[in-house]
Amino acid sequence: SYRTNGDSWRSYKDYSGGGMTDWGAHHFGGATFAVDVRELQPEEVTYHNEKGKEHLTFRYSNGILIHHNRPGRGNLDVKGTPGEKKEPKPIPKYGGGESNIFGDFIHCVKTRETPFRDIQYAVNTMSVCHLGIVAYELKRSLKWDVAGQRFIDDPEADRFLDRARREPWVL
């Protein structure tokens, strides 16, 4: 049920993508960092439905696969390049020795450095979330044109990229 007291605004499709965009931002952000694809967007989303259990596989141009809700594997499962062993890497820190996002922001304004929470990484992470929502909604696989920011030969999926606005409002 939807409540309108402010506790669950993320549940409304008109405003958000629910848990997929809410927690997905954190989960997919960590996953894409771990396998070095945060500067990329997936080229393909494969929809699976195994005995009523829906899950997705996101494929990147470099062969990396990220699975969402794969049965028996938890919320996320990441598959890197076969045979490649990755060394643990340090987690980036906020700029200027600051310990929080606010200090990092001030540091980056002063130095013109890129912030720890780079907007392009956020855009790429959220594209994973939104592509997943469309695949789950349509219950099928999708191919994504990263450069064009459109689905490939798929007008039905493209309808999810924007929504009609009330007259006279335009963007």
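Residues numbered from 1 in each chain as written. Predicted model: local features only at pLDDT ≥ 70, side-chain atom pairs only at ≥ 80, totals over all residues. Heavy atoms only, no water.

Colleague: Looking at this structure, how should I read the sheet that holds strand S6 (residues 150–151)?
Modeller: Two pairing modes exist for strands in a sheet, parallel and antiparallel, and in both the strands are linked by backbone hydrogen bonds. In space, the 6 strands of this open sheet follow the order S4-S3-S2-S1-S5-S6, with antiparallel pairing throughout. Two strands lie at the open edges of the sheet, namely strand S4 (76–79) and S6, each paired on one side alone. Where strand S2 (residues 53–59) lies against strand S3 (residues 65–68), 4 bridges are found, and the strand directions are antiparallel. Its bridge partner lying in S3, Leu-56 is registered against His-68. Lying on the sheet, helix H1 (residues 19–34) is in contact with S2, S3 and S4; it crosses S3 at an angle near 150 degrees. Strands strand S1 (44–50), S2, S3, strand S5 (142–145) and S6 of the sheet are contacted by helix H3 (residues 119–138), whose axis makes an angle of about 140 degrees with S2. (Pairing = 2+ DSSP bridges. Helix = DSSP H or I, 4+ residues; strand = E, 2+ residues; numbered from the N terminus. Contact = heavy atoms within 4.5 Å. Axes fitted to C-alpha atoms, helices over the stretch in contact; angles between N-to-C directions.)

Colleague: Honestly, the packing of H1 against H3 in this entry has me stumped. Any pointers?
Modeller: Helices that pack against each other are described as a pair by the angle of their axes relative to one another and the distance between those axes. The N-to-C vectors of H1 and H3 enclose an angle of 125 degrees; their axes lie 8 Å apart at closest approach. One way to sum up the angle between H1 and H3 is to call them oblique. Judged by the sense of rotation from one axis to the other, the crossing of H1 with H3 is right-handed. Residues Met-20, Thr-21, Gly-24, Ala-25, Phe-28, Gly-29 and Thr-32 of H1 form the contact with H3, whose own contacting residues are Thr-125, Met-126, Val-128, Cys-129, His-130, Gly-132, Ile-133 and Tyr-136. Considering only residue class, the contact of H1 with H3 consists of 8 nonpolar, 7 polar and no charged. (Parallel < 35°, antiparallel > 145°, perpendicular 65-115°, else oblique. Left-handed = near helix turned anticlockwise from the far one by under 90°. Nonpolar A, V, L, I, M, F, W, Y, C, P; charged D, E, K, R; others polar.)

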